[in-house]
Amino acid sequence: MNLGISATEYVSQIRNGQISAEEFIAKTLDRIRTVEGKVHAYITIDEQNALNQARIIDKKIKAKERIGALFGMPISIKDNICTSGIRTTCASKMLENFIAPYDATVVSRLKQDDAIIIGKVNLDEFAMGSTTEFSCFGPSRNPWNVEYVPGGSSGGSGVSVSALECVASLGSDTGGSVRSPASFCSVVGLKPTYGLVSRYGLVSYANSIEQIGPVARKVEDIALIMNTISGHDSHDDTTVEKGRVDYLQDLNAGVKGKKIGLVSQMTGDGVDKEVSSATNAAVSKFQDLEAECIPISLDSVEHSVAAYYTIASAEASSNLSRYDNLRYGFDLGTEGYEFKAYVSKVRSNFGPEVTRRMLLGAFVLSAGYYGKYYLKAQKVRAMMKSQIDDAFKKVDFLVAPTMPILPFKIGEKIDDPLTLYLLDANTIMANLTGIPAISVPFAISSSGLPIGIQIFANSFQDKNLLQAAYALQQTTHLPEVPV
Ligand code: GLN
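Description of the structure in this document. This one's a predicted model, so the numbers in the text were calculated from it and none came from an experiment.

### Side note on the pattern of salt bridges
Here's step 1: Scanning all chains against the criterion turns up 14 salt bridges.
Here's step 2: Taking the shortest distance from any N to any O, the salt bridge between Glu22 and Arg55 comes out at 3.1 Å. Here Glu22 is found in helix α2 (residues 21–39), whereas its partner Arg55 is found in helix α3 (residues 47–62), with 33 residues between them in sequence.
Here's step 3: Note on Arg55: relative accessible area 35%, which makes it partly exposed.
Here's step 4: Between Arg357 and Glu353 there is a salt bridge whose closest N-O contact spans 2.6 Å. One end of the pair, Arg357, and the other, Glu353, are both in helix α11 (residues 352–365), four residues apart, so they sit about a helical turn from each other. Each member of the pair, Arg357 together with Glu353, is buried.
Here's step 5: Look at the salt bridges and you will find they share partners, linking Asp30, Arg33 and Glu47 into a network.

### Some points on the sheet that holds strand β4 (residues 168–173)
Here's step 1: The 11 strands are arranged β1-β3-β2-β4-β6-β5-β10-β11-β9-β7-β8 in an open sheet whose pairing can be described as mixed. Here the strands that pair on one side only, and so sit at the sheet edges, are β1 (42–45) and β8 (292–296). On average, adjacent strands in this sheet sit at an angle of 30 degrees to one another, irrespective of strand direction.
Here's step 2: With two bridges connecting them, strand β5 (residues 188–191) and strand β6 (residues 211–216) associate as antiparallel partners. Bridging across to β6, Val188 finds its partner in Ala216.
Here's step 3: Across the sheet, helix α15 (residues 462–473) lies against β5, β9 (397–401), β10 (437–444) and β11 (450–457), angled at about 5 degrees from β10, the strand it touches most.

### Description of a nonpolar patch on the surface
Here's step 1: On the surface, Phe363, Tyr369 and Tyr373 cluster together into a nonpolar patch covering about 260 Å² of accessible area.
Here's step 2: By the element assignment, Tyr369 lies in the loop between α11 and α12 (370–394).

### Description of the packing of aromatic side chains
Here's step 1: Under the counting rule described, the total for this entry stands at 12 aromatic pairs.
Here's step 2: Taken together, a centroid distance of 3.9 Å and an interplanar angle of 15 degrees make the contact between Tyr309 and Tyr421 stacked. With Tyr309 in helix α9 (residues 304–319) and Tyr421 in helix α13 (residues 417–422), this residue pair connects regions lying 112 residues apart in the sequence. Like Tyr421, Tyr309 is buried.
Here's step 3: Over the face of the ring belonging to Phe460 we find Lys242, whose NZ or CZ atom lies 4.5 Å from the ring centre.
Here's step 4: Its guanidinium or amino end placed over the ring of Phe408, Lys413 lies 4.9 Å from that ring's centre, counting from NZ or CZ.

### With respect to the site of the ligand
Here's step 1: Around the ligand, the surrounding shell holds 15 residues, and the nearest of these are Thr174, Gly175, Ser177, Tyr205 and Tyr308.
Here's step 2: Here Arg357 contributes a side-chain N or O atom positioned 2.7 Å from an oxygen atom of the ligand.
Here's step 3: Residue classes in the shell around the ligand are distributed as five nonpolar, seven polar and three charged.

### Observations regarding helix α5 (residues 155–162)
Here's step 1: Counting buried positions along α5 yields eight of eight residues, so the element is predominantly enclosed.
Here's step 2: Among the residues making up α5, those that are buried are Gly155, Gly156, Ser157, Gly158, Val159, Ser160, Val161 and Ser162.

### Quick word on the environment of Ala278
Here's step 1: Along the chain, Ala278 turns up in helix α8 (residues 273–288).
Here's step 2: Between the C-alpha atoms of Ala278 and Glu292, which are 14 residues apart in sequence, the distance is 18 Å.
Here's step 3: If sequence neighbours within four positions are ignored, Ala278 has contacts with Phe442, Ala443, Ile451 and Ile453.

### Let's talk about the pairing of strand β2 (residues 74–78)
Here's step 1: Most of β2 sits inside the fold, with five of its five residues counted as buried.
Here's step 2: By the alternation rule, side chains of β2 split into Pro74, Ser76 and Lys78 and Ile75 and Ile77, which are all buried.
Here's step 3: Relative to strand β3 (residues 116–121), β2 is paired through five bridges, and the arrangement is parallel. The residue of β3 that forms the bridge with Ile77 is Lys120.
Here's step 4: With helix α4 (residues 105–112) bridging β2 and the parallel β3, this β-α-β connection has right-handed handedness.
Here's step 5: Two elements, β2 and β4, share three bridges in a ladder whose sense is parallel.

### Notes on α3
Here's step 1: A rise of 1.5 Å per residue sets the reference length of α3, with its 16 residues, at 22 Å; its end C-alpha atoms lie 23 Å apart and thus fit the reference within 8%.
Here's step 2: In this fold, the buried residues of α3 make contact with α2 and β3.
Here's step 3: Trailing α3 by a residue or two, Lys64 shows a phi angle of about 55 degrees, which is positive.

### Remarks on the packing of helix α7 (residues 219–229) against α15
Here's step 1: Taken N-terminus to C-terminus, the directions of α7 and α15 make an angle of 155 degrees; their axes are 9 Å apart at the nearest point. Relative to α15, the element α7 lies roughly antiparallel. Between α7, through Val219, Glu220, Ile222 and Ala223, and α15, the contact on the second element is made entirely by Leu466, Ala469, Tyr470 and Gln473.
Here's step 2: Among the residues forming the contact of α7 with α15, the class breakdown is six nonpolar, one polar and one charged.

What counts, and at which threshold
- Residues numbered from 1 in each chain as written.
- Predicted model: local features only at pLDDT ≥ 70, side-chain atom pairs only at ≥ 80, totals over all residues.
- Heavy atoms only, no water.
- Salt bridge = Lys/Arg side-chain N within 4 Å of Asp/Glu carboxyl O.
- Helix = DSSP H or I, 4+ residues; strand = E, 2+ residues; numbered from the N terminus.
- Buried < 20%, exposed > 50% of the residue type's maximum accessible area, 1.4 Å probe, protein only.
- Pairing = 2+ DSSP bridges.
- Axes fitted to C-alpha atoms, helices over the stretch in contact; angles between N-to-C directions.
- Contact = heavy atoms within 4.5 Å.
- Patch = residues over 30% accessible without salt bridge, like charges linked within 9 Å, V, L, I, M, F, W, Y side chains within 5 Å.
- Areas by Shrake-Rupley, 256 points an atom, 1.4 Å probe, with all protein chains shown as cover.
- Phe/Tyr/Trp six-rings, centres within 6.5 Å; stacked < 30°, edge-to-face > 60°.
- Lys NZ or Arg CZ within 6 Å of the ring centre and 35° of its normal.
- Near = heavy atom within 4 Å.
- Polar contact = N/O pair within 3.5 Å; in protein donor to acceptor, adjacent residues only side chain to side chain.
- Nonpolar A, V, L, I, M, F, W, Y, C, P; charged D, E, K, R; others polar.
- Right-handed = clockwise from strand over helix to strand, strands pointing away.
- Expected span 1.5 Å × (residues − 1).
- Parallel < 35°, antiparallel > 145°, perpendicular 65-115°, else oblique.

Pasting the structure below:
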């Protein structure tokens, strides 16, 4: 049995009786046991429940009962998305034993469509980071070279899909966290338009910019999962009522006659040579497919990292103030502490990156600095939105490298926050403006490390975006994951 099949292949093989859900889950659990020691994608594996669910689904199939579109497919979930009955830790000591009393909307939609939640996967603490090194459970490792980072913060999602430890995964993307691990692990990752997928049950980091998004091996798998998870949710007022869209339909529409803009500010200085040449090669592929490619300048992109870290940290400092170890937390044995001393003792258990963000966020919101930093960042965001609106009057899609550099060694940049922040230079724009963006695996470097290409579309053009991504995917032939 081939665990590397795509989600759509899984569905067709199970439909025509080639495989059973139980067999597939059992093999996937074997695979997890074999590779986890090397890659560390999972925080919690829900083995028994996954097998039980698979048996139920096989029975339903045998009895020809109605069955959901995902047919028992094993899906991993980033551990900042709530799952009733399985702990949701956010890779933080603060929530080490927290079990949510309800499922996030995306999780209940997956279950309604008969997906199997096989486990919860690793992330940077509270989704703050770009490498998955800031997890209180230790880093995940890149299946293409286990000495290297897998990207982040949804590193466990990228790794579990790439290392064939599940068929697909859900991550969250506040500034690139779905696309970065997708790019570094050679899988596909989509940040949908803001408002297209419910955030109910996603532990908040920066609400005004983040979205839950799928990670999978193929673009068609992303379309399949979007059919399940997208759409209005009465529990999340920022979701938009758009009617049903079938993301799989017309996926092979191609890009003939489309206009594609290569973002100048995302392809110049600071971009690795091999990443640059892969980007140029992707542009040539689009031209071969009869799209017209032109350069596009978006100068606000130069300020995106500064604006993003100001806004995201401000929202984080407010969101994380609720972790006082009273309603949830761990046993600190602090009897006799006076209230303030207790809370501050507890909060010293946040990791270094989360602490840095909370301090930065409180500072940029404080009287005297609010106008100088927070308000200015919001102005950059507005300027960026207006430049994006103008750009999409000229082109249908924008293209750029997902990550400016290749994956690097674990530990290499962990003490250098600014360098880590600059890694997000190409992904942040989509979050600050709300537009959808996808990372498609495109090349493998001479050192054997993956390179992903990013495509952006205008808000709510997610279906067209998937068509462009599918067209690019069809031009590639990539090797199998070595782990
Ligand atoms: N690297 C970015 C950050 O640390 C993005 C994180 C994310 O998208 N969750 O904030």
